[in-house]
Amino acid sequence: ITAIDAAPQASDMRTCLASPLLRFYMELENDLHMHKVMGNLVFTALGAESVAQAKSRIAHFLFTHLGEFGDPLADIEACLDYVCDPARGGRVILAEEDGDIVGAVVLNDTGMSGYIPEHILVYIAVHERMRGQGVGGTLMQEAIMNSSGSVALHVEPHNPARRLYERLGFENKYLEMRYTREPT
């Protein structure tokens with residue numbers, strides 16, 4: 001599978017069509033969808049238009065399946081809006097079974113490089129009944145493979161997904177500290 005950014009370039013299209021993992025593609029209203037089939041699961045990289053159309057469905061899936069590591073629904077929706085904004089960008093890859101979302105990963109582009117990774121993995125969630133079956137690993141591998149540059153993510157120390165991230169090569173380089181302003 002090759003994910004296409006919110007504003008695909010011609011060189012990205014050639015890469016997609018040459019990908020050995022590509023099973024088929026379709027272009028609908030200039031919004032390219034890339035698919036990979038794994039057993040009865042279909043992994044789909046959505047373009048900005050498809051993310052916008054499926055925003056509510058994706059946001060509710062993430063809100064439900066992120067559990068204790070999740071954010072308010074409005075924040076998840078704002079993250080998806082960021083992906084759809086051509087001035088910002090990002091990507092969404094879904095895992096679906098019989099048309100139902102069973103996994104999702106969302107990356108936002110940072111617009112930076114070198115000192116700050118080019119992408120931040122904001123959300124990844126897998127339906128509880130699908131955990132431990134490789135869905136999260138496949139979503140992560142596809143997200144990494146289809147992102148030029150580095151990818152950063154934040155993970156709670158007790159999150160069991162931390163082991164997956166480490167197996168994929170993520171390192172704990174820094175201790176994150178935040179100053180959070182209270183709304184006025």
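Up top you'll find the structure we're talking about.
None of the values given here were measured: they were computed from a predicted structure.

Calculation criteria
Residues numbered from 1 in each chain as written. Predicted model: local features only at pLDDT ≥ 70, side-chain atom pairs only at ≥ 80, totals over all residues. Heavy atoms only, no water. Buried < 20%, exposed > 50% of the residue type's maximum accessible area, 1.4 Å probe, protein only. Helix = DSSP H or I, 4+ residues; strand = E, 2+ residues; numbered from the N terminus. Pairing = 2+ DSSP bridges. Phe/Tyr/Trp six-rings, centres within 6.5 Å; stacked < 30°, edge-to-face > 60°. Core = buried A, V, L, I, M, F, W, Y, C linked by side-chain atoms within 4.5 Å. Contact = heavy atoms within 4.5 Å. Salt bridge = Lys/Arg side-chain N within 4 Å of Asp/Glu carboxyl O. Right-handed = clockwise from strand over helix to strand, strands pointing away.

Q: Give me the lowdown on the pairing of strand β4 (residues 90-97), citing residues and values where you can.
A: Within β4, 8 of the 8 residues are buried, which leaves it mostly tucked inside the rest of the structure. Alignment of strand β3 (residues 41-46) against β4, held across 6 bridges, turns out to be antiparallel. Bridge pairing in β4 places T44 opposite L94. Pairing of β4 with strand β5 (residues 100-109), which is carried by 8 bridges, proceeds in the antiparallel orientation. Paired with G90 across the bridge in β5 is N108. Remark: 2 residues form the turn of the hairpin made by β4 and β5, two consecutive strands paired antiparallel; D98 in that turn has positive phi of roughly 55°.

Q: A description of the packing of aromatic side chains should follow, citing residues and the corresponding values.
A: Centre distance and the angle of the planes are the two values used to describe a pair of aromatic rings. Scanning the entire structure with this criterion turns up 1 aromatic pair. Measuring from ring centre to ring centre gives 6.2 Å for Y165 and F170, while their planes differ by 65°; the resulting arrangement is edge-to-face. Look at Y165 and you get buried, because its relative accessible area is 7%.

Q: Give a detailed account of the nonpolar core, specifying residues and quantitative values.
A: If you look at the biggest cluster of nonpolar residues, it comprises 21 residues, and the most contacted ones within it are V105, L121, I124, V135, L139, M140 and Y165. Counting residues per element, the ones that place at least two in this core are β3, β4, β5, β6 (119-126), α5 (135-145), β7 (151-153) and α6 (162-167). The element contributing the most residues to this core is α5, with 4 residues. Not counting residues within four places of it along the chain, the set of residues in contact with V105 comprises R91, V92, I93, L121, Y123, I124, L139 and A143. In this structure, F61, V83, V92 and I101 belong to the second largest nonpolar core, which totals 19 residues.

Q: Break down the pattern of salt bridges for me, citing the residues and quoting the values.
A: By the definition in use, this model includes 6 salt bridges. Two residues, E96 and R57, come together in a salt bridge whose shortest N-O distance is 2.6 Å. Linking E96 in strand β4 with R57 in helix α3 (residues 55-65), this pair joins segments that are 39 residues apart in sequence. What makes R57 partly exposed here is its relative accessible area of 38%.

Q: Talk me through unusual backbone geometry; I want residue IDs and the actual numbers.
A: Phi is positive for D98, close to 55°, though the residue is something other than glycine. With respect to the helices and strands, D98 occurs in the loop between β4 and β5.

Q: Account for the environment of E128, with residues named and values stated.
A: By the secondary structure assignment, E128 is in the loop between β6 and α5. Judged by relative accessible area, E128 falls into the exposed class, the value being 61%. Note: C-alpha distance between E128 and V102 (26 residues apart in sequence) is 8.5 Å.

Q: Can you break down the pairing of β6 residue by residue, with the values?
A: Counting buried residues along β6, 6 of its 8 residues qualify, which places the element largely inside the surrounding structure. Relative to β6, β5 is paired through 7 bridges, and the arrangement is antiparallel. If you follow D109 over to β6, its bridge partner there is H119. Where β6 meets β7, 3 bridges bridge the pair, whose relative direction is parallel. Bridge pairing in β7 links I120 to A152. For the crossover that starts at β6, traverses α5 and ends in the parallel β7, the hand is right-handed.

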